[in-house]
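Survey of secondary and tertiary structure
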Amino acid sequence: QQPVQSPQAVILREGEDAVINCSSSKALYSVHWYRQKHGEAPVFLMILLKGGEQKGHEKISASFNEKKQQSSLYLTASQLSYSGTYFCGTDYMEYGNKLVFGAGTILRVKS
Amino acid sequence: DVKVTQSSRYLVKRTGEKVFLECVQDMDHENMFWYRQDPGLGLRLIYFSYDVKMKEKGDIPEGYSVSREKKERFSLILESASTNQTSMYLCASSLIWLQGGSNQPQHFGDGTRLSIL
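Since we're looking at a predicted model, the values are computed, not measured. (Residues numbered from 1 in each chain as written. Chains lettered and ligands numbered in written order. Predicted model: local features only at pLDDT ≥ 70, side-chain atom pairs only at ≥ 80, totals over all residues. Heavy atoms only, no water.)

Moving on to the overall build of chain B. In terms of regular secondary structure, chain B is built from zero helices and 11 strands. Its helices and strands taken in sequence order, chain B reads β-β-β-β-β-β-β-β-β-β-β from the N to the C terminus. Its C-alpha atoms give chain B a radius of gyration of 14 Å, within 12% of the compact-globule value 13 Å for 117 residues. Seen along its three principal axes, the alpha-carbon backbone of chain B occupies a region of about 45 × 25 × 25 Å. In chain B, which comprises 117 residues, the share counted as buried stands at 49%. Considering only intrachain contacts with a sequence separation of at least 6, the fraction spanning at least 24 residues in chain B is 57%. Accessible area for chain B stands at about 5700 Å²; split by element, carbon and sulfur atoms hold 50% of it. Across chain B, 15 positive and 15 negative side-chain charges occur, with their mean positions spaced 6 Å apart. (Helix = DSSP H or I, 4+ residues; strand = E, 2+ residues; numbered from the N terminus. Rg over C-alpha atoms; globule rule 2.2 N^0.38 Å. Buried < 20%, exposed > 50% of the residue type's maximum accessible area, 1.4 Å probe, protein only. Contact = heavy atoms within 4.5 Å. Areas by Shrake-Rupley, 256 points an atom, 1.4 Å probe, with all protein chains shown as cover. Lys, Arg positive; Asp, Glu negative; His and termini not counted. Charge placed at Lys NZ, Arg CZ, Asp CG, Glu CD.)

All names here are of chain A. By secondary structure assignment, the location of Ser 30 is in strand 4 (residues 30-36). Judged by relative accessible area, Ser 30 falls into the buried class, the value being 0%. Of note is the side chain of Ser 30, whose polar atom sits 3.0 Å from the side chain of Asp 91. (Polar contact = N/O pair within 3.5 Å; in protein donor to acceptor, adjacent residues only side chain to side chain.)

Before going further, it helps to examine the nonpolar core. One finds Trp 33, Met 46, Leu 73, Leu 75, Tyr 82, Tyr 86 and Leu 107 of chain A to be the most contacted residues of the largest nonpolar core, which totals 22 residues. Looking at this core, the elements that each hand over two or more residues are strand 3 (18-23), strand 4, strand 5 (43-49), strand 7 (60-65), strand 8 (70-75), strand 9 (84-91) and strand 11 (105-110) of chain A. Ranked by size, the runner-up nonpolar core spans 20 residues in total, among them Leu 11, Val 66, Leu 76 and Ile 116 of chain B. (Core = buried A, V, L, I, M, F, W, Y, C linked by side-chain atoms within 4.5 Å.)

On to the interface of chain A and chain B, then. Interfaces are often sized by the accessible area lost when the parts come together. Each partner contributes to the interface: chain A provides 22 residues, whereas chain B provides 28 residues. Overall, the association of chain A and chain B removes approximately 1900 Å² of surface from exposure, summing both partners, and the carbon and sulfur fraction of that is 54%. Ranking the residues of chain A by area buried against chain B places Asn 97, Lys 98 and Phe 101 of chain A at the top, with a combined share of 33%. At the surface where chain A touches chain B, the tally comes to one salt bridge. One salt bridge in this structure joins Glu 56 of chain B and Lys 98 of chain A, with 3.3 Å as the shortest N-O distance. The set of elements that each furnish at least two residues to the side of chain A that touches chain B consists of strand 4, strand 5 and strand 9 of chain A. In terms of residue count, the dominant contributor to the side of chain A that touches chain B is strand 4 of chain A (four residues). Classifying every residue of the side of chain A that touches chain B by side-chain character gives 12 nonpolar, eight polar and two charged. (Buried area = accessible area lost by both parts, 1.4 Å probe. Salt bridge = Lys/Arg side-chain N within 4 Å of Asp/Glu carboxyl O. Nonpolar A, V, L, I, M, F, W, Y, C, P; charged D, E, K, R; others polar.)

Quick look at the sheet that holds strand 8 (residues 73-78) of chain B now. In sheet architecture, strand pairing relies on hydrogen bonds along the backbone and comes in two forms, parallel and antiparallel. All names here are of chain B. Taken together, four strands build an open sheet; the order of strands is 1-3-8-7 and the sheet is antiparallel. The sheet terminates laterally at strand 1 (4-6) and strand 7 (64-70), the two strands that pair on one side only. Ignoring strand direction, the axes of neighbouring strands in this sheet form an average angle of 20°. Where strand 1 and strand 3 (residues 19-25) come together, three bridges link them in antiparallel fashion. Its bridge partner lying in strand 3, Gln 6 is registered against Cys 23. (Pairing = 2+ DSSP bridges. Axes fitted to C-alpha atoms, helices over the stretch in contact; angles between N-to-C directions.)

Below, the discussion takes up the confidence of the model for chain A. Residue-level pLDDT values for chain A average 89, and 90% of them are 70 or greater. For chain A, strand 6 (residues 54-57) of chain A is the element with the lowest average pLDDT, namely 65, and strand 11 of chain A is the one with the highest, namely 97. (pLDDT = per-residue confidence, 0-100.)

Moving on, we come to the pairing of strand 7 of chain B. Residue and element names in this part refer to chain B. In this sheet, strand 8 lies alongside strand 7 in antiparallel orientation, the contact comprising five bridges. If you follow Lys 70 over to strand 8, its bridge partner there is Arg 73. Where strand 7 hands over to strand 8, the hairpin turn is made up of two residues, counted between the paired strands.

Right, here's the structure in full:
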């Protein structure tokens with residue numbers, strides 16, 4: 001039941017855009033997004049609740065497609081600071097407050 | 001800001017030893033979690049606690065146990081350490097969401113890199 005993240009890795013130049021997808025085979029209540037820099041703790045980015053919500057955080061935004069059980073994270077005009085591993089955490093209602101995390105997407109932004 | 005503190009950044013133990021990993025949070029969160037992080041596998045939930053003395057198994061509980069005697073502290077115990085438990089261990093906490101599902105972010109500690117020799 002682990003969600004599938006794609007791509008596994010992506011390399012960008014500064015200023016380029018990227019999309020990271022998170023797909024589930026089960027109905028979702030919410031999707032959480034986190035970023036982890038090398039050697040650091042994962043840091044919360046945003047939560048999307050079912051209902052097709054779209055949220056934004058500076059130049060990082062995300063959408064949740066309830067029909068497809070998929071969430072996408074959009075990184076616009078990427079900066080060097082965006083480098084890291086991005087994880088989606090999926091929340092299936094019957095699991096209570098627990099999340100199931102994807103394997104992660106490694107993002108590297110080059111100057 | 002929420003602070004989740006794990007007792008050690010690096011730990012080296014021998015096979016067969018009983019190992020304790022400690023985690024403390026300072027924001028009065030009801031939920032606390034222990035994850036294991038391995039390359040290519042993401043974060044896998046070992047155990048979860050939503051209240052003092054309450055615990056639920058996660059996806060990979062075998063070989064582990066937990067203890068939550070106080071709200072702010074959640075301990076992970078490796079009963080008899082084995083080499084396949086060499087990994088990065090992450091603790092997290094969050095507020096509880098009683099309506100089911102989760103709309104509360106999880107706050108992570110810096111992790112403990114555990115090596116079992």
